[in-house]
Amino acid sequence: MPLLFQRDIGSEHRAFTPTAIRKLLINALAATSLTNAGGEPLTFSPHDFQRIFVTDAIMNGLPPHIAQVICGHRSIDTTIGCKAVYPVETIEAHRAFIARRRASRPGEEYRTPTEEEWDACIAHFEKRKVSIGTCARAFGTACIHEHACVRCSLLRPDPARRARLADIRDNLIARISEAEREGWLGEVEGLRVSLAGADDKLAQLDAEQTRRGTATDLGMPTFAQITTRTSEVGEPAP
Ligand code: SF4
């Protein structure tokens, strides 16, 4: 198991419970006779390790949102609450991290792009438009899937092109029937792969539509009503 604290029980590896870890820590600290600034015995809880990790990681330049993912926190506020440093220290540590990253990159990468490079960049995004959506392949890479977009995982289907995608799916079904009828079995397998791709893209669009249709309406924010005391202005407030 990918756990730091685990033990063998019989033939199984089992995780220590938080209570067991706390007891082990208390016993270990008692054996050291270490005390805090007030002269009392030191105490730690398992959660202190998370605080130590987050503090150390952020102070060494790890972006807080990465620490959030590592710790499994839903909110970045929880991660920030775990660290024993002030926000300004976090920002300074992150700036230092960025400066170190920039220093380690070749200087020529920080130059103004040439006209040709700008044109190539714009052309790349123009070329990403396909009939049923957008090709999401990376800049500077060619299509390695022989423009079989309907089968390709890099295609992001456009909801506005759903009807066209449905036509393609219907056409593939008709072609499979024709190929089976005519005995063109070599073609059937490839057409079925394309059909599965078209069905998958349609399912993606429908799932996205459902997700948008079930979005929670948070309503409009309201403002605190400001009332005017009639005794101060001599007439009722509007
Ligand atoms: S097959 Fe894939 S990589 Fe090639 S153009 Fe279509 S979406 Fe892009």
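Located above this text is the structure these notes cover.
Residues numbered from 1 in each chain as written. Predicted model: local features only at pLDDT ≥ 70, side-chain atom pairs only at ≥ 80, totals over all residues. Heavy atoms only, no water.

Peer 1: Describe the site of the ligand, and please don't skip the residues or the numbers.
Peer 2: Around the ligand, a shell composed of Cys 135, Arg 137, Cys 143, His 145, His 147, Ala 148, Cys 149, Cys 152, Leu 154 and Leu 155 is seen. Looking at the shell around the ligand residue by residue, the classes come out as seven nonpolar, two polar and one charged. (Near = heavy atom within 4 Å. Nonpolar A, V, L, I, M, F, W, Y, C, P; charged D, E, K, R; others polar.)

Peer 1: Give me the lowdown on the pairing of strand 2 (residues 12-15), citing residues and values where you can.
Peer 2: Where strand 1 (residues 6-9) and strand 2 come together, four bridges link them in antiparallel fashion. Looking at strand 2, one finds that Arg 7 is bridged to Arg 14. A loop of two residues connects strand 1 with strand 2, the two strands running antiparallel in sequence, and Gly 10 in this loop sits at a positive phi of about 65°. (Pairing = 2+ DSSP bridges. Helix = DSSP H or I, 4+ residues; strand = E, 2+ residues; numbered from the N terminus.)

Peer 1: How would you explain helix 1 (residues 18-32) if you had to name every residue and give the values?
Peer 2: In a regular helix each residue adds 1.5 Å, so 15 residues correspond to 21 Å; helix 1 covers 21 Å between its end C-alpha atoms and thus fits that length. Taken residue by residue, helix 1 has Ala 20, Ile 21, Leu 25 and Leu 29 as its buried positions. Around the axis of helix 1, the buried residues are gathered within 165° of arc, so they sit on the same side. Projecting away from the buried face of helix 1 at angles above 90 degrees are the exposed residues Lys 23, Asn 27, Ala 30 and Ala 31. Where helix 1 is buried, its residues meet helix 2 (46-59). Just downstream of helix 1, Ser 33 is the residue with a positive phi angle, here 60°. (Expected span 1.5 Å × (residues − 1). Buried < 20%, exposed > 50% of the residue type's maximum accessible area, 1.4 Å probe, protein only. Arc of directions from axis to C-beta. Contact = heavy atoms within 4.5 Å.)

Peer 1: Lay out unusual backbone geometry with the relevant residues and their values.
Peer 2: Where the residue is not glycine, phi is negative for most of them; where a peptide bond is considered, it is trans in most cases. Even without being a glycine, Ser 33 presents a positive backbone phi close to 60°. Positionally, Ser 33 belongs in the loop between helix 1 and helix 2. The exposure class assigned to Ser 33 is exposed, which follows from its relative accessible area of 60%.

Peer 1: Account for helix 2, with residues named and values stated.
Peer 2: For helix 2, which comprises 14 residues, the first-to-last C-alpha distance of 21 Å matches the rise-based estimate of 20 Å (1.5 Å per residue) to within 8%. Restricting attention to buried positions, one finds in helix 2 the residues Val 54, Thr 55, Ala 57 and Ile 58. Positive phi shows up at Gly 61, right after helix 2, with a value of about 100°.

Peer 1: Would you mind going over the environment of Thr 134 in detail, with residue names and values included?
Peer 2: Mapped onto the fold, Thr 134 is located in strand 4 (residues 133-135). Residue classification places Thr 134 among the partly exposed residues on the basis of a relative accessible area of 33%. Note: C-alpha distance between Thr 134 and Pro 157 (23 residues apart in sequence) is 6.4 Å.

Peer 1: Could you give me a rundown of a nonpolar patch on the surface, with the residues and numbers involved?
Peer 2: On the surface, Leu 4, Phe 5, Phe 44, Phe 49 and Ile 52 cluster together into a nonpolar patch covering about 510 Å² of accessible area. Tracing the chain through its elements places Phe 49 in helix 2. (Patch = residues over 30% accessible without salt bridge, like charges linked within 9 Å, V, L, I, M, F, W, Y side chains within 5 Å. Areas by Shrake-Rupley, 256 points an atom, 1.4 Å probe, with all protein chains shown as cover. Salt bridge = Lys/Arg side-chain N within 4 Å of Asp/Glu carboxyl O.)

Peer 1: Break down the sheet that holds strand 5 (residues 155-157) for me, citing the residues and quoting the values.
Peer 2: Read across the open sheet, the three strands follow the order 3-4-5; overall the sheet is antiparallel. If you trace the sheet from one side to the other, it starts and ends with strand 3 (129-130) and strand 5, each paired once. As judged from the three bridges shared by strand 4 and strand 5, these two strands associate in the antiparallel manner. Across the sheet, residue Thr 134 finds its bridge partner in strand 5, namely Arg 156.

These figures come from the coordinates and say nothing about function on their own.
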